[in-house]
Each structure stands twice: as structure tokens, then as C-alpha cells.
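Read off the chains here:
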Amino acid sequence: SLSALVLSLGVLIFGKSTFGLRFISLLCTVLLIGLVYLFMRRIFRSDGYGFLSALLLSFGGMALTAGRLGLGFSLLALLLVGCYYLMYRFFEKGVDPARPVHSALNVLFSGLCFAGAFAVWANSWIVALGAVALFVLGVLKMRRKQAAQSRAVARETNRVNAEEVMQANLDESERIQARQAAACAYHTRVSVVFFLAAFVFGTFLVVILSVLPAYYSYVRLYDNPAAPHMSFFALVSEMVN
């Protein structure tokens, strides 16, 4: 449903023409090539690998065929790659202690990309399982980093106390470790809340909103508007099935 709505924007802007029908599909393909460049450059830490990946995509079937036919494949690919790219940024960087909510937005926007992909093609949840795994690994990585910081504080305290045993050092060490643990717990909660808000509730909302126009069009074309046989949620169920 969502792909039909998005692709119709080209027709709305440029009129009922071949160009209007295919414009959004082509635009999504161009954006996909750019996103693949950024993604591969981030993974391999090399502009050359990023350019090579974008070049391979440019000469592949997605760009040369499906990407310019006015179909939803390029939109779906763009949303799924965006989902992975943003989640990889979260996995790589984690949550910035200075700006925890802002840095955790990678999870939220990744989930919204998944919501859009699911509204285009319900089976995309299978493809997005890797993004969920990246989220779990990213949270575990943050927890391990916090544990390592706590051990470093404890080692430093032991080193100081080996020279001069002071209760104040022990108390300060415990306070620092407690602050680190509280900050890590807060960062984890923010990440999980954004994950649930986007991947679960966001997906439900995007699907509902994208099916609404399709439902009324379906009723007008194929059913009795006065007494439709298929309800709105039945149409959603058909889409998911």
C-alpha cells in the first residue's frame, strides 16, 4: 500500500505520464546508490570500497531495470538499506553520554525505515532480522564498555590504595561506578524504548495509515460502498498474509 502512495507522488507532481510514474522510483534508486556508498565507506573505512559498492549497484538489475520501471522495489531496497545503515551506526557508536537521546535516534529512525519497508512488503520483516540482531549486539557492546570502565576505576583505586589506604578513595570509586552503571542503564532504556516505539508501534501506525487510502479505493472499485463485504482490518490481514 505504501509503495503505491509514494509512487503516486510523481504522478501528482508531473501528471499522468511515463515520466511521472517512474520519477519516484528513479529518485529512490539514486538515493539508494548514495546510501550504499555511505554504508560501505563506514564499514570498510575506505572511500574506494564505498565507490566500488555504489558502482556495482549502479550496473546491477536494481538500478538498470527495476529502479526505472515505476515499481516499488527501489523504495523497498532504500528503506531496508536505510534500516541497516542507521542500526549499524548505533552498533558502531552506541549512545553518546553527552547526548544520549539524540544519539539513540539512530534506533528510532532505523525502526521507522523498517516500518515503511513492512508497509511496502510484509515479508521484509525476514530481511530486517539482521537489524534486530545488530540492535541486540549494540546494547551488549554498551554494557561491556560500561563494565570495562568500572573495572578500570576499580584497578585505579586499588593502585592508589596500595600506596596509601584511604576509605575516601574506596567511597569515591563506588560512587563513580554507581554513576557509570546508572548512565548505562539509562542509555539502554532509551535505546529499547526507541526500538519498541519504531519497530513495533511505528510499524503498526505506518501500516494502518498506508492502507486507509487503499481500502477506500478498493471499496469504490470492487465492493459495495454502502455495505462493503471486507472490513478495513480484513484488508490489512490480507496484505500481511
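Numbering of residues starts from 1 in every chain and runs along the sequence as written. In keeping with the predicted nature of the model, local features appear solely for residues at pLDDT of at least 70, side-chain atom pairs appear and are counted solely at 80 or more, and the whole-chain, interface and lining totals rest on all residues. Hydrogens and water are ignored here; the side-chain numbers use all heavy atoms of the structure.

### Side note on the overall build of the chain
Starting at the N terminus, helices and strands are each numbered in turn, a helix being any DSSP run of H or I of at least four residues and a strand any DSSP run of E of at least two. Scanning the chain from N- to C-terminus turns up 11 helices and 0 strands. Written out in order from the N terminus, the α and β elements of the chain read α-α-α-α-α-α-α-α-α-α-α. Only protein chains enter the accessibility calculation, which uses a 1.4 Å probe; a residue whose area is less than 20% of its type maximum is buried, one above 50% is exposed, and one in between is partly exposed. Looking at the chain residue by residue over its 241 residues, the buried ones come to 39%. In the chain, of all internal contacts separated by at least 6 residues, the share reaching a separation of at least 24 is 71%. Under the convention used here, a 1.4 Å probe and the Shrake-Rupley method define accessible areas, while residue burial counts only the protein chains that appear. Surface exposure of the chain reaches about 13,800 Å², of which carbon and sulfur atoms provide 69%. Contacts are assigned to residue pairs with any non-hydrogen atoms lying within 4.5 Å of each other.

### Things to note about a nonpolar patch on the surface
Within the patch definition used here, like charges are joined within 9 Å and nonpolar side chains (Val, Leu, Ile, Met, Phe, Trp, Tyr) within 5 Å, considering only residues with over 30% relative accessible area and no salt bridge. Should a side-chain nitrogen of Lys or Arg be within 4 Å of a carboxyl oxygen of Asp or Glu, the pair is scored as a salt bridge. Taken together, the side chains of Ile43, Phe44, Tyr49, Phe51, Leu52, Leu55, Leu56, Phe59 and Leu64 present a nonpolar region at the surface, about 930 Å² in accessible area. Elements that contribute at least two residues to the nonpolar patch include exactly α2 (18-44) and α3 (47-58). Of all the elements, α3 adds the most residues to the nonpolar patch, at 5 residues. Turning to its location among the elements, Leu56 is positioned in helix α3. When its relative accessible area of 60% is taken as the criterion, Leu56 is described as exposed.

### Considerations on the state of the cysteines
Criterion for a disulfide: a pair of cysteine sulfur atoms within 2.5 Å. By the definition in use, this model includes 0 disulfides. Distance from the sulfur of Cys113, which forms no disulfide, to the nearest cysteine sulfur (Cys83) is 6.5 Å.

### Let's talk about the pattern of salt bridges
Going through the model one piece at a time under the given rule, you end up with 3 salt bridges. Between Glu92 and Arg45 there is a salt bridge; the shortest N-O distance is 2.7 Å. Highlighted residues: Glu92 in helix α5 (residues 73-93) and Arg45 in the loop between α2 and α3, separated in sequence by 47 residues. A residue is classified by how much of its surface remains accessible, and Arg45, at 60% relative accessible area, is exposed. Connected through shared salt-bridge partners, Arg42, Arg45 and Glu92 make up one network.

### What about the packing of aromatic side chains?
Classification of ring pairs rests on two measures: the distance between centres of Phe, Tyr or Trp rings, Trp counted by its six-membered ring, which must be within 6.5 Å, and the angle between planes, read as stacked under 30 degrees, edge-to-face over 60 and tilted in between. Enumeration over the complete set of coordinates arrives at 16 aromatic pairs. Ring geometry for Phe19 against Phe23: centres 5.7 Å apart, planes inclined by 45°, an arrangement best described as tilted. Placement of the pair is Phe19 and Phe23 together in helix α2, with a separation of 4 residues, close to one helical turn. Phe23 sits in the partly exposed class, given a relative accessible area of 26%.

### Focus on the nonpolar core
To qualify as a nonpolar core, a set must consist of buried Ala, Val, Leu, Ile, Met, Phe, Trp, Tyr and Cys residues joined through side-chain atoms within 4.5 Å. Among the nonpolar cores identified, the biggest contains 52 residues, and Met87, Phe90, Val107 and Phe135 are the most heavily contacted of them. At the level of elements, α1 (2-14), α2, α5, α7 (105-120), α9 (129-163), α10 (167-222) and α11 (232-240) are the ones that each hand at least two residues to this core. Here this core gets 12 residues from one element, more than from any other, and that element is α5. Residues within four places of Val107 in sequence aside, it is in contact with Met87, Phe90, Phe135, Ser191, Phe194, Phe195, Ala198 and Phe199.

### A closer look at the packing of α2 against α5
Running from amino to carboxyl end, α2 crosses α5 at an angle of 25°, the nearest separation of the two axes being 9 Å. By the angle class used here, α2 and α5 are roughly parallel. At the point where α2 passes α5, the crossing takes the left-handed sense. The residues of α5 that touch α2, namely those facing Ser25, Cys28, Thr29, Leu31, Leu32, Leu35, Val36, Leu38, Phe39, Arg42 and Ile43, are Ser74, Leu75, Ala77, Leu78, Val81, Gly82, Tyr84, Tyr85, Tyr88, Arg89, Glu92 and Lys93. Classification used: nonpolar for Ala, Val, Leu, Ile, Met, Phe, Trp, Tyr, Cys and Pro, charged for Asp, Glu, Lys and Arg, polar for all others including Gly. By residue class, the composition of the contact of α2 with α5 is 15 nonpolar, 4 polar and 4 charged. Fitted lines through C-alpha atoms serve as axes, helices being fitted only where they are in contact, and the angles separating the N-to-C directions of these axes extend from 0 to 180 degrees. Oblique is the label for any angle not under 35 degrees, not over 145, and not in the 65 to 115 range, which are roughly parallel, roughly antiparallel and roughly perpendicular in turn. Note on convention: near helix rotated counterclockwise from far helix by under a right angle means a left-handed crossing. Clockwise means right-handed.

### So, the environment of Leu79
Looking at the element boundaries, Leu79 is found in helix α5. It is 6.7 Å that separates the C-alpha atoms of Leu79 and Gly116, two residues lying 37 residues apart in sequence. Not counting residues up to four positions away in its chain, the partners in contact with Leu79 are Cys113, Gly116, Ala117 and Val120.

### What to know about α7
In an α-helix, one turn spans 3.6 residues, which is why side chains three or four residues apart end up on the same side. By this rule the span expected of a helix is its residue count minus one, scaled by 1.5 Å. Along its 16 residues, α7 runs 23 Å from first to last C-alpha, staying within 8% of the 22 Å computed at 1.5 Å per residue. For α7, a buried count of 13 out of 16 residues is recorded, marking the element as mostly surrounded by other parts of the structure.

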